[in-house]
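Single-letter residue listing:
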Amino acid sequence: MRFALLGRLEVSDERGVVQVRGGIPGIVLATLLWNANTVVSVDRLADLAWRGSPPPTATASLYNHMMRLRRLLGDEGGARIRAMVPGYLIRVEPGELDVDVFAGLCAAGRQAAREGRWARASADLTAALALWRGEPFADLPGLAGRLEQPQQLQEARRQALEGRIEADLALGRHEEAIGELRALVRRQPLNEAFQGHLMTALYRSGRQAEALDVFLGLRRVLVNELGVEPSAAVQELHQRILRADPGLLTPVGLDRGAEAASGDEEADGEPVRDGSEPSPGAGPGTDPPGRLVPAQLPAAVADFTGRAAAVKHLCDLLSAGEGTARPGEVTVCVVTGAGGIGKTALAIHVAHRVKEAFPDGQLYVDLRGADKMPRDPGKVLGTLLRDLGVPVPESSERSECAARALAFRTAVHGRRLLIVLDNARDAVQVRPLLPGGEGCGVLVTSRSRLPGLAGAAAMNLDALDAAEAAALFGAIAGPDRVAAEPQAAAEVVRYCAGLPLAVRIAAARLASRPGWTVADLAGRLADERRRLRELSVADLEVYACFQMSYAQLEHSRPGYGRDGALARAARLLGLFPGPYFTVHAAAALLDAPLQDAEDLLEALVDANLLETPAPSRYRPHDLLRVFLAERARAEESPEVVRAAVLRLGGWYVYACRQALAALEVGIPDQRPHEAVRSEPPLRFTDPDRALAWFDAERPNLLAVARAVDAGGTSAVPWLLTGAVYNFYNLRGLWDDWIESALIGLRSARADPDPETAAHTLVLLGYGLAVGGWPVPGLARCEEGLAVFERTGNLRAQVLTLETMAAVAGALGRSGQRIGFLGRVAALRRELGSWSGLAVALGELALAYARADRYEEFFACCDEALPLARAVAATSVEAALLEALGEIQLRQGQIDEAIGTLGQAAAAHRRLGSPLVEAYALEWLGVAYLAAGRPDQAQAVWDQAYGLFEDRPRDRADGAWDRVDRLGVAWHRLTHGRPAGLSGGPPAAPDPAGPAGRPGTRPGG
């Protein structure tokens, strides 16, 4: 549902806009919405509804208005309004109330502005302002005049408008803003922010005289009307315009680097000097040190896009290094990330932005860390010394590398140099290349995280977000071409998964092929197995980029056993089909002990082949996962690949069963099977943790089922179907459940035991029926039942018929439900299952009651109640007694109803079910009231009220909804006395309640 207060009061649902007219219903609804999810007292509502003068009958009248409002809002909307002491509450979900959405967008816009992300700030604040349809509570003037909130909203709106215009000006949209700003200034001549923005926009548009005239007009108004001068900020702006300050012509966003167009892909393949020859401009080796000013930075990528926060952070660190570094410290920034993520492009872009802060020059060297033979730091130092015009030590009592490191630190001492060390392998390669003291800045990039580089400011790059990736794609492929096919362009960007190198290659391929449409390119990238090969142009290739990172793992690494162990782990993990995996799932896939698996995962994180978005959860980049899975299929036999996937699926069956055991929920068809793998073990200490695990693993459950199903026959899919059934049932995830059951059914039909398919058919049938396909659902259950009848499995028949009865009940097919329950009772008798028979007869009796078939209900009770008492089925006894008492009350058997309902309450008390006991006491109070015994009615209701009040909020809410529907208990709460107790004989309400059907309870 959607609720709107920023203008006329509006409510909309699937029916469209619900008209809630002004007057008391509108005032009540608007007040509840403004205080959404918070109780508003009856006194407060009455005071607002009757404008400070509520009549004596206001409480009862308000109750009637509330009932009409609920009917007006329909079933869903009406259920949102709850009666809770001392008043009412309306439940609103996140994103449903326009005031909340407005506040969220404003907060996001302000945050983006603080970070210099001006395009995002403008977009968020524009969206926030678009929610306004007029004045808040425009159709409820009586309410608006008595609340402070509308004034607060207007202030927030003004701030959002000022912020949006500031963002637009920072983006260089000054000419477009002039017309809007002139209109705002006319309406709010004392608003100095709008006046200052108009002066800036005019000046940047080449209209200096008009900008100065705006200032004079503002000053005239302020002096004449308020006797004050303009603020210091506006006066400073006036002085800058007078002297034609060129800094005013540059939008703030460009100054801060927040929205500058800049590229974000790895500069792999760019021709850069490797240090084997003297750099251009470097003098002879005999020149004295300090004479040369090297300028070795490669050209920045012209279409660099995004990374605004990263650029700003790095620029701040490097530019502030001289003033903030402690004595003896050097500012070192490390940018890490997977191959192709944009480390080099970012580093070069930042280096060009801050180079003016390093007047003694810039050094650049590619350390070739991803190659099989990375650069030796001693040789790199020799090159750097020659570039600085310093003699290179040829021999020393120290090692060559140590001697050159000393000479290098001496050469750069006291100088302000920027040193870019690109593509480092590890900290060992970098340490000798660092200056020895403050003054210099060092910017390092690496595919590994370099945890051993102490004191460095580390930044690990993630993939571009969708907007940044789309902007980069359009900048290279051509904005007009991309704008003509936005959906296809979005698909291409999605296939590139935010990897800047992939986006650049895809866009370059399209730009070089004018005969292709964007859809043509998207079609070529759609096939996952060909995607990496398609992402290749000239000397740029995603596959080759990944191969370099992967090749580093193929060499022996300390602590990981034999050669290639880490590379083998990486490629097998590429087979994981879901979005992320835990250490336990990885251990099953790798067939490794838990600790060994965690060590391997952490090593792959350090190598930037895995990300860890949350503790104990891991994932590779989407394109990298495709690469690793391809390596697994190329380097491992089909049997090894299949065994790894089956191990994973078997472990998920075990894990789901463990979680359901913690939830104390049964598992259909939980037969032991060799495919179920219990290593590594998993334990859940409480139901909440088990349910949280299920929720977190939901995306993986279907993905694993599909992966296991894709590789041939196996028992794992149908085992997994049974293991996940109750989780999907608890959460109502019927689409997931139906697909899972269909996958399981395919493998179950291949099992030699026909009952395997029958069990899966029943589970599929239930999912289909409650998921919206009742006819095919019940048909699948009938198929399964026929198999169990042929095999003579009575217990399976009972379970199937109980499932079918539940489906029929959920669909409101009372006759069908009664038929199924009758067959269940007959089978329970045949099995000699007396406890089961008591439950079956109890369910059958209640089904008769709900169908208003009272004679059959009484007959069934005559058998069910003694049996329930004999087998100590107290829950069955309590439910039957409560239903019997309600029917007796409905039929005018008041004294009998009082006795029966008293027994029902006592039975619920023995069960330790206070909330259900309260329901029975509630009806007992109605019976006492009908018998003309109001004091006893009030005493019973007080007892029920106490039981409701002690319940947790989520359960008590449902209970009070029940009390509200009865009406009697509601008057007890709001008037202090039940209806009918003040004078005259009591008027008994309809014992069946508004539902018109006895025996109903929430959820029952």
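Let me begin by describing the structure that accompanies this report. Here the structure is a predicted model, which means the values were calculated and not measured.

A word on the overall build of the protein chain. Looking only at helices and strands, one finds 45 helices and 16 strands in the protein chain. Counting every position in the protein chain, which comprises 1004 residues, the buried fraction comes to 52%. Partitioning the intrachain contacts of the protein chain with sequence separation of at least 6 by distance along the chain shows that 70% fall at a separation of at least 24. Of the roughly 42900 Å² that the protein chain leaves accessible, carbon and sulfur atoms contribute 51%.

Moving on to the environment of Ala675. Relative to the helices and strands, Ala675 is located in the loop between helix 30 (638-662) and helix 31 (687-710). Sequence-wise, Ala675 and Tyr654 are 21 residues apart; in three dimensions their C-alpha atoms are separated by 9.5 Å. Once residues within four sequence positions are removed from consideration, Ala675 is found in contact with Gly650, Val716 and Leu719.

Right, let's talk about the pairing of strand 10 (residues 441-446) for a bit. A regular strand carries its side chains on alternate faces of the sheet. Here strand 10 lies mainly inside the structure; six of its six residues are buried. Neither face of strand 10 is left uncovered, since the one carrying Gly441, Leu443 and Thr445 and the one carrying Val442, Val444 and Ser446 both have all their residues buried.

All right, on to the sheet that holds strand 4 (residues 40-41) then. Spatial ordering of the open sheet is given by 4-6-5, a layout of three strands whose pairing is antiparallel. Since the sheet does not close on itself, it has two edges, and those belong to strand 4 and strand 5 (81-84), each with one partner. Relative to strand 6 (residues 87-90), strand 5 is paired through four bridges, and the arrangement is antiparallel. Across the sheet, residue Ala83 finds its bridge partner in strand 6, namely Tyr88.

Per the stated rule, a full pass over the model turns up 16 aromatic pairs. Each ring, one from Phe684 and one from Trp693, has its centre 5.7 Å from the other, and the planes form 65 degrees; the classification is edge-to-face. By the burial criterion, Phe684 is buried, and Trp693 matches it. Linked through ring pairs, Trp651, Tyr652, Phe684, Trp693, Phe694, Tyr725, Phe727, Tyr728, Trp734, Trp737 and Tyr766 together constitute an aromatic cluster. The ring centre of Trp516 lies 5.1 Å from the NZ or CZ of Arg513, which sits over that ring.

Before going further, it helps to spend a moment on the sheet that holds strand 3 (residues 16-18). Spatially, three strands are ordered 1-2-3 in an open sheet, and the strand pairing comes out antiparallel. The outermost strands of the open sheet, each flanked by one partner alone, are strand 1 (2-4) and strand 3. Strand-to-strand twist across the sheet, computed as the mean angle between neighbouring axes with direction ignored, equals 25 degrees. Pairing of strand 1 with strand 2 (residues 10-13) involves three bridges; the strand directions are antiparallel. Looking at strand 2, one finds that Arg2 is bridged to Ser12.

Moving on, we come to the side chain of Glu96. On the secondary structure map, Glu96 appears in the loop between strand 6 and helix 4 (98-114). Residue classification places Glu96 among the buried residues on the basis of a relative accessible area of 7%. Polar contacts involving the side chain of Glu96 include one to the side chain of Arg80, which spans 2.7 Å. Within the local environment of Glu96, its side chain forms a polar contact with the backbone nitrogen of Glu93, the two atoms lying 2.8 Å apart. Those residues in contact with Glu96 that sit more than four places away from it in its chain are Met1, Arg2, Phe3 and Arg80.

Turning our attention to the packing of helix 40 (residues 874-890) against helix 42 (residues 914-930). Packing of helix 40 against helix 42 brings their axes to within 11 Å, and their N-to-C directions diverge by 20 degrees. Between helix 40 and helix 42, the angle is such that the two are roughly parallel. For the pair helix 40 and helix 42, the sense of crossing is left-handed. Residues Glu882, Glu886 and Leu889 of helix 40 touch helix 42, and the partners they reach there are Val916, Tyr919, Ala920, Trp923, Val926, Ala927 and Ala930. Its residues assigned to classes, the contact of helix 40 with helix 42 comprises eight nonpolar, no polar and two charged.

Moving on, we come to the layout of surface pockets. The volume enclosed by the second largest pocket comes to roughly 520 Å³. Along the walls of the second largest pocket sit 18 residues, with Arg529, Leu575, Arg633, Val641 and Val645 positioned nearest its centre. Elements that contribute at least two residues to the lining of the second largest pocket include exactly helix 24 (528-534), helix 29 (622-635), helix 30 and helix 31. A per-element tally of the lining of the second largest pocket places helix 30 first, with four residues.

Below, the discussion takes up a negative patch on the surface. Together, Asp596, Asp599, Glu602 and Asp606 make up a region of like negative charge exposed at the surface. Mapping Asp606 onto the fold places it in helix 28 (residues 594-606). Asp606 gets classed as partly exposed once you look at its relative accessible area, which sits at 31%.

Okay, a nonpolar patch on the surface next. A cluster of nonpolar side chains, contributed by Leu190, Leu226 and Val228, occupies part of the molecular surface with about 250 Å² of accessible area. The class of Leu226 is exposed, set by a relative accessible area of 52%.

What follows concerns the side chain of Thr721. Its location among the elements puts Thr721 in helix 32 (residues 716-731). Assessed through its relative accessible area of 0%, Thr721 is described here as buried. Sequence-distant contacts of Thr721, that is, excluding residues within four places in its chain, are made with Trp737, Ser740, Ala741, Gly744, Thr760 and Leu763.

About the cut-offs
Residues numbered from 1 in each chain as written. Predicted model: local features only at pLDDT ≥ 70, side-chain atom pairs only at ≥ 80, totals over all residues. Heavy atoms only, no water. Helix = DSSP H or I, 4+ residues; strand = E, 2+ residues; numbered from the N terminus. Buried < 20%, exposed > 50% of the residue type's maximum accessible area, 1.4 Å probe, protein only. Contact = heavy atoms within 4.5 Å. Areas by Shrake-Rupley, 256 points an atom, 1.4 Å probe, with all protein chains shown as cover. Pairing = 2+ DSSP bridges. Phe/Tyr/Trp six-rings, centres within 6.5 Å; stacked < 30°, edge-to-face > 60°. Lys NZ or Arg CZ within 6 Å of the ring centre and 35° of its normal. Axes fitted to C-alpha atoms, helices over the stretch in contact; angles between N-to-C directions. Polar contact = N/O pair within 3.5 Å; in protein donor to acceptor, adjacent residues only side chain to side chain. Parallel < 35°, antiparallel > 145°, perpendicular 65-115°, else oblique. Left-handed = near helix turned anticlockwise from the far one by under 90°. Nonpolar A, V, L, I, M, F, W, Y, C, P; charged D, E, K, R; others polar. 1 Å grid on protein atoms, 1.4 Å probe; cavity = no way out; pocket = protein on both sides within 12 Å on 5 of 7 lines; lining within 4 Å. Points joined across faces, edges and corners; volume = space filled by probe spheres on them. Patch = residues over 30% accessible without salt bridge, like charges linked within 9 Å, V, L, I, M, F, W, Y side chains within 5 Å. Salt bridge = Lys/Arg side-chain N within 4 Å of Asp/Glu carboxyl O. Lys, Arg positive; Asp, Glu negative; His and termini not counted. Charge placed at Lys NZ, Arg CZ, Asp CG, Glu CD.

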